[in-house]
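Listed below are the residues making up each chain.
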Amino acid sequence: MPPEPTNEPAHREPDDDSGGDSGGDNQMRVAGMIVGTALIFIGFLDVFLSISGGFEIDVIPFMIYFGGVAIWANSVVENATLRYSIIGGAILLAAVFFHYGEVLFWHKQVLFWSTVVVVMYFMFNEPKKRR
């Protein structure tokens, strides 16, 4: 007697070498993660050195930092509402700093400590297992 057919769909593993859209899309996500992280690091490094060295900076490191946040969020965050909220917030903050034209000490402190909190979150939060 033949086995009864099940109604469950067959799970297919995606091919890594497939020439379809998913391969190029994955490469663009990785490139976005790299570029976004690099821009965040460059902007954060300028702010950190400014805090520790005691010298003034202009708004350019903040614009680099928030541009990196927008690029990173576009390539990493999967929930569309959260993704575009982060991108919009980053662009809005960069535009506000550009319009204000001056970076005060507490602006640098807020950026520094919020970055530390976000990094600590990602250090201790285990990613969900993909099935």
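Right, let's walk through the structure included here. Here the structure is a predicted model, which means the values were calculated and not measured. (Residues numbered from 1 in each chain as written. Predicted model: local features only at pLDDT ≥ 70, side-chain atom pairs only at ≥ 80, totals over all residues. Heavy atoms only, no water.)

1. Notes on the side chain of Arg-83
Next, step 1: If you trace the backbone, Arg-83 turns up in helix H3 (residues 80–100).
Next, step 2: Buried charged residue Arg-83 carries no salt bridge. Nearest counter-charge: Glu-78, at 7.4 Å.
Next, step 3: A distance of 2.9 Å separates a polar atom in the side chain of Arg-83 from the backbone oxygen of Val-77.
Next, step 4: Setting aside chain neighbours within four positions, we find Arg-83 in contact with Ala-73, Asn-74, Val-77 and Glu-78. (Helix = DSSP H or I, 4+ residues; strand = E, 2+ residues; numbered from the N terminus. Buried < 20%, exposed > 50% of the residue type's maximum accessible area, 1.4 Å probe, protein only. Lys, Arg positive; Asp, Glu negative; His and termini not counted. Salt bridge = Lys/Arg side-chain N within 4 Å of Asp/Glu carboxyl O. Polar contact = N/O pair within 3.5 Å; in protein donor to acceptor, adjacent residues only side chain to side chain. Contact = heavy atoms within 4.5 Å.)

2. Considerations on the layout of surface pockets
Over the atoms rolls a probe the size of a water molecule, and its path tells where empty space is left.
Next, step 1: Estimated volume of the largest pocket: approximately 1,200 Å³.
Next, step 2: Taken together, 27 residues form the lining of the largest pocket, with Trp-72, Val-76, Val-77, Tyr-121 and Phe-122 sitting closest to its centre.
Next, step 3: Of all the secondary-structure elements, those providing two or more residues to the lining of the largest pocket are helix H1 (21–53), helix H2 (60–76), H3 and helix H4 (105–124).
Next, step 4: For the lining of the largest pocket, the leading source of residues is H4, giving seven residues.
Next, step 5: Of the residues that constitute the lining of the largest pocket, the class distribution is 16 nonpolar, five polar and six charged. (1 Å grid on protein atoms, 1.4 Å probe; cavity = no way out; pocket = protein on both sides within 12 Å on 5 of 7 lines; lining within 4 Å. Points joined across faces, edges and corners; volume = space filled by probe spheres on them. Nonpolar A, V, L, I, M, F, W, Y, C, P; charged D, E, K, R; others polar.)

3. Details of the packing of H2 against H3
Next, step 1: Packing of H2 against H3 leaves a shortest axis separation of 8 Å and a crossing angle of 170 degrees. In this view, H2 runs roughly antiparallel relative to H3, as classed from their interaxial angle. Taking contact as the criterion, the partners of Phe-62, Met-63, Phe-66, Val-69, Ala-70, Ala-73 and Asn-74 in H2 are, on H3, Arg-83, Ile-86, Ile-87, Ala-90, Leu-93, Ala-94, Phe-97 and Phe-98.
Next, step 2: Across the contact of H2 with H3, the residue classes break down as 13 nonpolar, one polar and one charged. (Axes fitted to C-alpha atoms, helices over the stretch in contact; angles between N-to-C directions. Parallel < 35°, antiparallel > 145°, perpendicular 65-115°, else oblique.)

4. Notes on the packing of aromatic side chains
Next, step 1: The full count for this structure, using the stated rule, is ten aromatic pairs.
Next, step 2: When the centroid spacing of 6.3 Å and the interplanar angle of 50 degrees are considered together, the rings of Phe-62 and Phe-66 count as tilted. Residue Phe-62 and its partner Phe-66 are both found in helix H2; the two are separated by four residues, about one turn of the helix.
Next, step 3: Taking the relative accessible area as the measure of exposure, Phe-66 reaches 10% and is therefore buried.
Next, step 4: Centre to centre, the rings of Phe-66 and Phe-97 are 6.2 Å apart; their planes meet at 15 degrees, and the pair counts as stacked. Of this pair, Phe-66 sits in helix H2 while Phe-97 sits in helix H3, and the two are 31 residues apart along the sequence.
Next, step 5: Taking relative accessible area as the criterion, Phe-97 reaches 10% and is therefore assigned buried. (Phe/Tyr/Trp six-rings, centres within 6.5 Å; stacked < 30°, edge-to-face > 60°.)

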